[in-house]
Amino acid sequence: MTSAPAPFTADDYKVRMERAAQSAADAGLAGLLVAPGPDLVWLTGYQPTATTERLTLLVLAAGQDPILVVPTLEAPDAERAPGAPAVTLRDWTDGKDPYAVTAPLLDFDGRFGISDNAWAMHLLALQQALPGTSYASLTEALPMLRAVKDAHELERLAAAGAAADATYEEILKVRFSGRRELDVAADLADLLRQFGHSQVDFTVVGSGPNGANPHHEAGERTIENGDMVVLDFGGLKHGYGSDTSRTVHVGEPSAEEQEVHDLVREAQNAGCAAVQPGVACQEIDRVARAVIDEAGYGEYFIHRTGHGIGVTTHEPPYMIEGEEQPLVPGMCFSVEPGVYLPGRFGVRIEDIVTVTDEGGQRLNNTVRELMIVE
Ligand code: ZN
Ligand code: ZN
Ligand code: ZN
């Protein structure tokens, strides 16, 4: 197995923070307020062990040094974050007003982008402290902030994809028939960890009619001979995400099961083949959907074709009708069409694809034919 990638440096984080502050200014914002969560991890490498009611907030504005407001008791942890040398810490002790520490850092009548997962209590208190300020969702204001990955990020995403592929190859060898979905899901989680994941986000095992519900995770149902089984699993390895789906069959498939699987495979291949710099995100959805529509199964493809992936397993850009954002080399996202026949079975095939100058490159490369399991 390959060794862990070199950690990101304080300089890497500094560049990201400068770019974020500049993007905010370009979008007409006075700055960005970033609470603990994926944006803070991406910008500073800092992830408090537990997010509590105590205010932790990164304040970014173009032309200013980044400032991280932290509770005094968590300051030693924050100082150890890889991006800490690039930020100035402002700590506040219990009993003091953290908003009184934060308010002087902000324009009194500015409009700020605030991370989507900031607690409402913090936003409401800031609005009360600075009634002239206004706020926008960071993801809505700067949807593409984290979308284009650099070479070091792509290396991590490729490693996560390879680990997910290794997981799929191993799961094909386990017994499905006579075991519960939950048991196969536990196998998937064990394998992802065995192949280097530090976090497992989902392990979908949708057998028979459960496969027709794209949000079904795994349950008590015992898998039987004759079942189609949708497998969709992923998590984080070295801080970056994996997410892949394959649909397998227990024993010999019926002609219809094989046909629907072939159709989804064709749609997935078409979606991947359409990936080129400059192509709009919605075009990937249209191309994959057209294949399923033309075969008469359009009403059974009930979700968007894909989503971005990075320090989280679901993030912009979204491959969905109406998203006109052009693809840019370095973007990384899923292509995952599916067909869901209510009460019967579902099929989904998903790979992570990265945009290169030459087109799409898949980060998942296991076989896409309908595999037979026991
Ligand atoms: Zn069957
Ligand atoms: Zn998935
Ligand atoms: Zn996905």
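Just so it is clear, the structure is predicted and the values come from calculations on it, not from any experiment.

J.: Honestly, the nonpolar core in this entry has me stumped. Any pointers?
T.: Generally speaking, a soluble globular protein has its nonpolar side chains buried in company with each other. Of all hydrophobic cores here, the largest spans 33 residues; its most connected members are M17, L32, L43, L58, L60 and L68. When sequence neighbours within four positions are dropped, the list of residues in contact with L60 reads M17, A20, A21, G31, L32, L43 and P66.

J.: Which parts of the structure should I look at to understand the domain arrangement of the protein?
T.: Accessible area lost upon the coming together of the parts serves often as the stated size of an interface. Annotation of the protein at the domain level lists domain 1 (10-141) and domain 2 (151-373). Taking only C-alpha atoms into account, the centre of domain 1 sits 35 Å from that of domain 2. Of the roughly 340 Å² buried at the junction of domain 1 and domain 2 (both faces included), carbon and sulfur atoms supply 71%. Per-residue buried area on domain 1 facing domain 2 is highest for R16, P38 and W42; these three make up 72% of the total on that side. At the junction of domain 1 and domain 2, the tally comes to one salt bridge. The closest approach of N and O atoms between E153 and R16, which form a salt bridge, is 3.8 Å.

J.: What is the right way to read the coordination of the zinc ion (ligand 2) from this model?
T.: Any two of four tetrahedral donors ideally make an angle of 109.5 degrees at the metal, while pairs among six octahedral donors ideally make 90 or 180 degrees. In the first shell of the zinc ion (ligand 2), the protein supplies D232 (OD), D232 (OD), D243 (OD) and E350 (OE), at 2.0 to 2.4 Å from the metal. Here the zinc ion (ligand 2) and the zinc ion (ligand 3) are spaced 3.0 Å apart, with D243 acting as a shared donor. Of the two residues, D232 is situated in strand β8 (residues 228-237) and E350 in the loop between β15 (345-348) and β16 (351-356); the sequence distance between them amounts to 118 residues. For D232, a relative accessible area of 7% gives the class buried.

J.: In this structure, what is going on with the packing of aromatic side chains? I would like to understand it.
T.: Describing an aromatic ring pair means giving the distance of the ring centres and the angle of the ring planes. Scanning all chains against the criterion turns up four aromatic pairs. Put simply, the rings of F8, Y13 and Y240 pair up and form one aromatic cluster. The ring of F8 carries the charged tip of R16 above its face, separated from the ring centre by 4.4 Å. Residue placement shows R156 over the ring face of F8; its charged tip is 3.9 Å from the ring centre.

J.: Sorry, what's going on with the UniProt feature "domain: Creatinase N-terminal" (unreviewed entry) in the protein here?
T.: Those residues carrying the UniProt feature "domain: Creatinase N-terminal" (unreviewed entry) are residues 16-148 in this numbering. Secondary structure across residues 16-148 comprises 32% helix and 20% strand; the distance between its end C-alpha atoms is 12 Å.

J.: Is there a simple way to explain the UniProt feature "domain: Peptidase M24" (unreviewed entry) in the protein in this structure?
T.: With numbering aligned to this structure, UniProt lists the feature "domain: Peptidase M24" (unreviewed entry) at residues 156-357. For residues 156-357, the end-to-end C-alpha separation is 19 Å, with 31% helix and 27% strand making up the annotated structure.

J.: Please explain the coordination of the zinc ion (ligand 3) as it appears in this structure.
T.: Only D243 (OD), H307 (NE2), E336 (OE) and E350 (OE) from the protein coordinate the zinc ion (ligand 3), and they sit 2.1 Å from it. Note that the zinc ion (ligand 3) binds four donor atoms; their angles at the metal cover 82 to 163 degrees, and the shape is irregular. Counting gaps between the donor residues of the zinc ion (ligand 3) yields the pattern D-x63-H-x28-E-x13-E. The exposure class of D243 is buried, given its relative accessible area of 2%.

J.: Would you mind going over the packing of helix α7 (residues 151-171) against helix α8 (residues 181-194) with me for this structure?
T.: Packed helices, taken two at a time, are described by their axes: the angle between them and the distance between them. Between α7 and α8, the least distance of the axes is 9 Å, while the angle of their chain directions is 140 degrees. When the interaxial angle is binned, α7 and α8 end up oblique. Like other packed secondary-structure pairs, α7 and α8 cross with a definite hand, here right-handed. Residues A164, T167, E170 and I171 of α7 form the contact with α8, whose participating residues are V184, D187, L188, L191 and L192.

J.: How do you make sense of the pattern of salt bridges when you look at a structure like this?
T.: Side-chain pairing between opposite charges can occur once the charged atoms of the two side chains come close. With the rule as written, the count across this model stands at 24 salt bridges. Ionic pairing is found between E321 and R286, a salt bridge with its closest N-O pair at 2.7 Å. With a gap of 35 residues between them, E321 in the loop between β12 (315-319) and β13 (332-335) and R286 in helix α10 (residues 281-294) connect regions that are remote in the sequence. Judged by relative accessible area, which is 46%, E321 ranks as partly exposed. Each of D39, R146, K149 and E315 takes part in salt bridges that share partners, so that together they form one network.

J.: It is not clear to me how the pairing of β8 should be interpreted in this structure. Could you clarify?
T.: Successive residues of a regular strand alternate their side chains across the two faces of the sheet. Across the 10 residues that make up β8, a large majority, 10, are buried. The alternating pattern of β8 places M228, V230, D232, G234 and L236 on one face and V229, L231, F233, G235 and K237 on the opposite face, and all of these are buried. Summarising the sheet, strand β7 (residues 199-207) and β8 pair through eight bridges and their orientation is antiparallel. Within β8, the position partnered with Q199 by the bridge is L236.

J.: Is there a simple way to think about the environment of G235 in this case?
T.: Mapped onto the fold, G235 is located in strand β8. Using a relative accessible area of 0% as the deciding quantity, one classes G235 as buried. Residues G235 and E369, spaced 134 residues apart in sequence, show a C-alpha to C-alpha distance of 24 Å. Apart from residues lying up to four places away in sequence, G235 is in contact with H197, Q199, V200, D201, Y240, G241, S242 and T313.

Calculation criteria
- Residues numbered from 1 in each chain as written.
- Chains lettered and ligands numbered in written order.
- Predicted model: local features only at pLDDT ≥ 70, side-chain atom pairs only at ≥ 80, totals over all residues.
- Heavy atoms only, no water.
- Core = buried A, V, L, I, M, F, W, Y, C linked by side-chain atoms within 4.5 Å.
- Buried < 20%, exposed > 50% of the residue type's maximum accessible area, 1.4 Å probe, protein only.
- Contact = heavy atoms within 4.5 Å.
- Domains from an automatic or database assignment.
- Buried area = accessible area lost by both parts, 1.4 Å probe.
- Salt bridge = Lys/Arg side-chain N within 4 Å of Asp/Glu carboxyl O.
- Donors = N, O, S within 2.8 Å, 3.2 Å for Na, K, Ca; no water.
- Helix = DSSP H or I, 4+ residues; strand = E, 2+ residues; numbered from the N terminus.
- Phe/Tyr/Trp six-rings, centres within 6.5 Å; stacked < 30°, edge-to-face > 60°.
- Lys NZ or Arg CZ within 6 Å of the ring centre and 35° of its normal.
- UniProt positions renumbered as here; feature names shortened; annotations may be inferred.
- Tetrahedral: all angles 85-135°; square planar, octahedral: opposite > 155°, others 65-115°.
- Axes fitted to C-alpha atoms, helices over the stretch in contact; angles between N-to-C directions.
- Parallel < 35°, antiparallel > 145°, perpendicular 65-115°, else oblique.
- Left-handed = near helix turned anticlockwise from the far one by under 90°.
- Pairing = 2+ DSSP bridges.

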